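Examining the three-dimensional arrangement
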Amino acid sequence: MTSPAEAAARPNPVITWNVHAQTAIFEVAKQSPSAATRSFAITQGAVYDAVNAIAGSPYKPYLVAPPARRGDSTPAAVATAAYRTLVWLFPAQASSLRAQYDEALAAIPDGPSEQGGIAVGEATAAAMINARRDDGAFSDAKWPVGTEPGQYRLTPPGFLQVGAWFATLKPFVITPSAYRTPGPPPLTSAAYARDFNEVKTLGSATSTVRTAEQTEAATWWDDPRLVEWSIKRQLATTHRLGALQTARMFAMVDLAAADSLIACYQEKKRWAFWRPVTAVPLADTDGNPATGADPAWTPLRTTAPSAEYPSGHACFTTATTVALRTYFGRDDVSFSAYSADSGTTRHYRSLSRAAAELDQARIWAGVHYRFATTDGHRLGNSVARDVLHRAFG
């Protein structure tokens, strides 16, 4: 019989393969945060269905519940589901992924248990791959670009026309077009001038008003190696979650985040509003006497190549915190994460406080107006709640 200490000492295969997934998705493939959201959802959705099936399907599966026995190897199922989906996503990494897979299977005794786990993982990976084949990823969709005041322009330094495909990506659970935002305030309004002047003052690369703490938070939250990835793993570890509970929590977060971001990008494309990096230098054309142009203005952080409204990061992080709050059943969850960009570790005692800081941090970074983060937060909340209700009961 396995003692609790022995069980606790075993590595959690779901966490192990989530680290492998991050390596493949970000460290090697260098996918953008939005593209990575799709890849994580595909991988973790297949892993969840595999672990859930071996546990006897105590929860509603995301896609399938293949035949399984209680004695089937969960580590083998996790490794197979993750490996197969990652190889499908990144065929150029087949050799390194195969090495990780072989290492995982080598630690599992040969026999019916291992073979049963492999079969379950193969089945859930196949179901996910079939569901996501031709889902619209990396299409040649373009952002609407204009020349009139308020219209989106490609942003420096690269002036790249990329990422708009996420707006037409096949959703994982809900219908994103059912979720709408009120839109940016009119350029001539007091509301626009207020939020414009806030980001112009606080978000400037040379701001004398932004505090050192705000600068750190802006940089920490803007790290492309998203801190949310490690926060999930830390919470699974500190709360001593087993494979099934970890797989469920990861799938809840990643599927909710993916659909929230799809809905967000649809709204970005619909409104096609200009970013602060464009608006501040051209403020003398917006018809608002309360805004002033500064041709030399640059933001603290590089502006992502996507339309302004609503904030994608606000949609994503709100969906993440909503999923975690739903999973743990409370908001006062403590966690921390390290950012290489800021060189610091930040600590939080509640999910809502972290999400609220992210909304502010996008302003401090100079990449979003307050109305974009506020409405992105609301959109992410609405979509995430519906994804969790429909897919996870």
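Keep in mind the model is a prediction, meaning the values are calculated, not measured.

1. Focus: the pairing of strand 1 (residues 335–339)
Summarising burial for strand 1: 4 of the 5 residues are buried, a large majority. As defined by bridge partners, strand 1 adjoins strand 2 (residues 344–348) across 5 bridges and the pair is classed as antiparallel. By the bridge assignment for strand 2, Ser339 is matched with Thr344. Adjacent in sequence and paired antiparallel, strand 1 and strand 2 are bridged by 4 residues, among which Gly343 carries a positive phi angle near 70°.

2. Regarding helix 7 (residues 190–202)
With 13 residues, helix 7 should cover 18 Å at 1.5 Å per step; its first-to-last C-alpha distance of 18 Å lies within 8% of that length. Looking at helix 7, one finds that the buried residues are Tyr192, Ala193, Asp195, Phe196, Glu198, Val199 and Leu202. Buried-residue contacts for helix 7 involve helix 8 (212–222), helix 11 (276–279), helix 13 (351–364) and helix 14 (370–392).

3. Side note on the nonpolar core
Residues Leu86, Trp221 and Met249 are the most contacted members of the largest nonpolar core, which totals 108 residues. Once residues lying within four places of it in the same chain are set aside, the contact partners of Met249 are Lys232, Leu235, Ala236, Leu241, Leu324, Tyr327 and Phe328. By size, the runner-up hydrophobic cluster in this structure holds 16 residues, among which are Tyr192, Val280, Trp297 and Ile363.

4. Details of the pattern of salt bridges
Throughout the structure, instances matching the rule amount to 21 salt bridges. Asp72 serves as the salt-bridge partner of Arg69, at 2.8 Å between the closest nitrogen and oxygen. Among the residues examined, Arg69 registers a relative accessible area of 46% and is labelled partly exposed. With a shortest N-O distance of 3.2 Å, Arg330 and Asp332 are connected by a salt bridge. Connected via shared salt-bridge partners are Glu213, Glu216, Arg346 and Glu357.

5. Details of the environment of Asp254
Here Asp254 lies in helix 10 (residues 243–271). Asp254 gets classed as buried once you look at its relative accessible area, which sits at 8%. C-alpha of Asp254 to C-alpha of Lys170: the two residues are 84 residues apart in sequence and 15 Å apart in space. Excluding anything up to four places from it in sequence, Asp254 contacts Phe40, Ala41, Gln44 and Lys232. Among the polar contacts made by the side chain of Asp254, one reaches the side chain of Lys232 at a distance of 2.9 Å.

6. As for the packing of aromatic side chains
Following the criterion strictly, the structure yields 23 aromatic pairs and no others. Both rings, one in Trp143 and one in Tyr265, keep their centres 5.7 Å apart while their planes meet at 45°; by these two values the pair is tilted. Within this pair, whereas Trp143 is found in the loop between helix 6 (112–132) and helix 7, its partner Tyr265 is found in helix 10, the two being separated by 122 residues in sequence. Considered together, Trp143 and Tyr265 belong to a single accessibility category, that of buried residues. Here the aromatic residues Tyr192, Phe196, Trp271, Phe273, Tyr309, Tyr369 and Phe371 are joined through ring pairs into a cluster of three or more. Its guanidinium or amino end placed over the ring of Phe172, Arg132 lies 3.7 Å from that ring's centre, counting from NZ or CZ. We note Arg248 situated over the ring of Tyr59; from NZ or CZ to the ring centre the distance is 3.9 Å.

Calculation notes
Residues numbered from 1 in each chain as written. Predicted model: local features only at pLDDT ≥ 70, side-chain atom pairs only at ≥ 80, totals over all residues. Heavy atoms only, no water. Buried < 20%, exposed > 50% of the residue type's maximum accessible area, 1.4 Å probe, protein only. Helix = DSSP H or I, 4+ residues; strand = E, 2+ residues; numbered from the N terminus. Pairing = 2+ DSSP bridges. Expected span 1.5 Å × (residues − 1). Contact = heavy atoms within 4.5 Å. Core = buried A, V, L, I, M, F, W, Y, C linked by side-chain atoms within 4.5 Å. Salt bridge = Lys/Arg side-chain N within 4 Å of Asp/Glu carboxyl O. Polar contact = N/O pair within 3.5 Å; in protein donor to acceptor, adjacent residues only side chain to side chain. Phe/Tyr/Trp six-rings, centres within 6.5 Å; stacked < 30°, edge-to-face > 60°. Lys NZ or Arg CZ within 6 Å of the ring centre and 35° of its normal.

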